[in-house]
Amino acid sequence: MAKLWGGRFEEGLDKKTEAFGASITFDQKMARQDLKGSLAHVTMLASTGILTAEEAEQIKAGIQKVEAKYEAGEIEFKIENEDIHMNMETYLHAEIGQVAGKLHTARSRNDQVATDMHLWMKDTLSETMDKLQNLREVIVTLASEHIETIMPGYTHLQHAQPISFGHHLMAYYSMLTRDFERFEFNMKHADISPLGAAALAGTTFPIDRKETAALMGFSDIYVNSMDAVSDRDFILEFLSNASILMMHLSRFCEELILWCSNEFQFVTLSDAFSTGSSIMPQKKNPDMAELIRGKSGRVYGNLFGLLTVMKSLPLAYNKDLQEDKEGMFDTADTILTSLDVMAGMLSTLSVNESIMAESTEKDFSNATELADYLAAKGLPFRQAHEIVGEMVLECTKAGYYLQDVPLTRYQEVSSLIDSDIYETLKSRTAVQRRNSYGGTGFEQVKMQIALAQDALKQKVDSEKE
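Residues numbered from 1 in each chain as written. Predicted model: local features only at pLDDT ≥ 70, side-chain atom pairs only at ≥ 80, totals over all residues. Heavy atoms only, no water.

Undergrad: Please give an account of the layout of surface pockets that cites residues and values.
TA: One way to see where empty space is left: roll a probe the size of a water molecule over the atoms. By volume, the largest pocket is sized at about 370 Å³. Put simply, the parts of the chain that give the lining of the largest pocket at least two residues each are β1 (150–155), α7 (165–190) and α19 (442–464). With 10 residues, the single largest contributor to the lining of the largest pocket is α7. Its residues assigned to classes, the lining of the largest pocket comprises nine nonpolar, seven polar and three charged. For the lining of the largest pocket, the two domains that each supply at least three residues are domain 2 (110–206 + 222–356) and domain 3 (360–463). (1 Å grid on protein atoms, 1.4 Å probe; cavity = no way out; pocket = protein on both sides within 12 Å on 5 of 7 lines; lining within 4 Å. Points joined across faces, edges and corners; volume = space filled by probe spheres on them. Helix = DSSP H or I, 4+ residues; strand = E, 2+ residues; numbered from the N terminus. Nonpolar A, V, L, I, M, F, W, Y, C, P; charged D, E, K, R; others polar. Domains from an automatic or database assignment.)

What follows is the structure, encoded as structure tokens:
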């Protein structure tokens, strides 16, 4: 059939130009949302008297037939029909004839596509938060199993102080909780209906935008029609939030990659999340962690791509906005898969507790304990710091560690040092004693986990209500 917008044109589109301008190869992902919006729109057109009840029922029945064909995989999307809206409307015309043309009364593809994207984004945000909730639960479970597992804490990738592995894991829980909250706020701006803004200026028909919003499950409507059709902030927020999420996952994956190396051997990844080499039979590569780390780049790129598209657009709708979808879809696919893979890797992870603990015994990560010991006995911390630094230098040259220094030598250095210093210098003691709020002390880690478990449970309970 002829283009639904073709009345003003004498010639058809060049075939290459037609393919260049079409979006159906990717916006077909919004088929369900497009049909949902159309059902809401025709229902409102009937209730306001813009269409007769008979016309509306014919159109509804046609939409339902198209929907059934789509769900059965019987819809063939065609380039010549340009986008998801015209593909769906063409199938509707085939089902019910010319009355299908009345569906577009008081509606433009400008507010239609914006509506589809808002609906799609709401669905995607819900799925993203579900998967984030699951990953956070996996992390909390793993942390609860390793409250008293000792490992080196790092700064500058150098041994700094011994910490609880559970404490280390809970740092990522905190990051992912902030990610969850950002996606929650993102939902506020996705949950606004643009339908009824028409092309940019509203419509002369007596439509009821609140009715269509309610029928589609939106909690609010845009108050400005020009903003409604040109706003893509909710997508930019999603891409930004996804970029921060991927940065967090990438950091975690970087540590997993280091930890499962021969140099560290802190953890062992399940075979289900590892691959081998085609030439080196001994290899067990952390490819899934590397892929998540690598895929952060494409998500960043999608964010900067849309920011660049938006930066010079005059109001209201411009064809440039067709470039808002592919990056959005790709980012959603990337983060949803990454969240699943990350949860799988962590839930099947083996922790080599003895190696972790041993790595804190042959280092100087207990140096701060000695400095704190002296400071607690009245020596100014700066003076204590200098004394301990000199002791570390002495030990380094002699080839032994602070816990190996004889008591007689310690007492030559400071009369404040007594035999209890050896208990103080133990890694476990160092971790256990750090009970300042939010610290790595076992009781503090238990508190963090209890707070997290309560927050996760409240979220589950609120969703059940």
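Undergrad: Which residues make up the domain arrangement of the protein chain, and what values do they have?
TA: Domain annotation of the protein chain identifies domain 1 (15–105), domain 2 (110–206 + 222–356) and domain 3 (360–463). Taking the mean C-alpha position of each, domain 1 and domain 2 sit 33 Å from one another. With 20 residues of domain 1 in contact, the opposing surface of domain 2 contributes 16 residues. Both faces considered, domain 1 and domain 2 share a buried interface measuring about 1600 Å² in area, 65% of it formed by carbon and sulfur atoms. Among the residues of domain 1 in contact with domain 2, Phe26, Met30 and Gln33 are the three that bury the most area, contributing 37% of the side total. Lys29 serves as the salt-bridge partner of Asp333, at 3.6 Å between the closest nitrogen and oxygen. Summed over the shared surface of domain 1 and domain 2, the number is four residue pairs in polar contact (both at pLDDT 80 or more). (Contact = heavy atoms within 4.5 Å. Buried area = accessible area lost by both parts, 1.4 Å probe. Salt bridge = Lys/Arg side-chain N within 4 Å of Asp/Glu carboxyl O. Polar contact = N/O pair within 3.5 Å; in protein donor to acceptor, adjacent residues only side chain to side chain.)

Undergrad: I'd love a proper account of the packing of helix α6 (residues 109–144) against helix α12 (residues 325–347), names of residues and values included.
TA: At a minimum axis separation of 9 Å, α6 and α12 run at an interaxial angle of 15°. Taken together, the axes of α6 and α12 are roughly parallel relative to one another. At the point where α6 passes α12, the crossing takes the left-handed sense. (Axes fitted to C-alpha atoms, helices over the stretch in contact; angles between N-to-C directions. Parallel < 35°, antiparallel > 145°, perpendicular 65-115°, else oblique. Left-handed = near helix turned anticlockwise from the far one by under 90°.)

Undergrad: Could you give me a rundown of the packing of helix α14 (residues 367–376) against helix α15 (residues 381–398), with the residues and numbers involved?
TA: Interaxial distance between α14 and α15 falls to 9 Å at its minimum, and their mutual angle equals 140°. Overall, the two elements α14 and α15 adopt an arrangement that is oblique. Between α14 and α15 the crossing geometry is right-handed. Note on element contacts: α15 touches α14 through Phe381, Ala384, Ile387, Val388 and Val392, opposite Ala367, Leu370, Ala371, Asp372, Leu374 and Ala375. Among the residues making up the contact of α14 with α15, the classes are represented as 10 nonpolar, no polar and one charged.

Undergrad: Residues and numbers for empty space enclosed by the protein, please.
TA: Evaluated as defined, the whole model comprises one cavity of 30 Å³ or more. When its volume is computed, the largest cavity comes out at roughly 80 Å³. Residue lining of the largest cavity: Asp34, Leu35, Ser38, Ile63, Val66, His85, Met88, Glu89, Leu92, Leu103, Arg107 and Gln112, and that is the complete set. Those elements that place two or more of their residues in the lining of the largest cavity are α3 (31–47), α4 (53–71) and α5 (84–96). In the lining of the largest cavity, the residues fall into six nonpolar, three polar and three charged.

Undergrad: Tell me about the side chain of Thr429, residues and numbers included.
TA: Following the sequence through the fold, Thr429 ends up in helix α18 (residues 427–432). Since its relative accessible area comes to 12%, Thr429 is described here as buried. In this view, Thr429 contacts Glu423 and Thr424; residues no more than four positions away in its chain are not counted. (Buried < 20%, exposed > 50% of the residue type's maximum accessible area, 1.4 Å probe, protein only.)

Undergrad: How would you sum up unusual backbone geometry? Please name residues and give values.
TA: For the bond running from Leu315 to Ala316, omega is 5°, close enough to zero to count as cis. Here Ala316 shows up in the loop between α11 (287–310) and α12. In this model, His156 sits at a positive phi of 55°, which is unusual for a non-glycine residue. Structurally, His156 is set in the loop between β1 and β2 (158–164). Residue classification places His156 among the exposed positions, given a relative accessible area of 76%. Of note in this structure, Leu157 is not a glycine but carries a positive phi near 60°. Locating Leu157 in the fold gives a position in the loop between β1 and β2. Residue Leu157 is classed as exposed on the basis of its relative accessible area, which comes to 55%.

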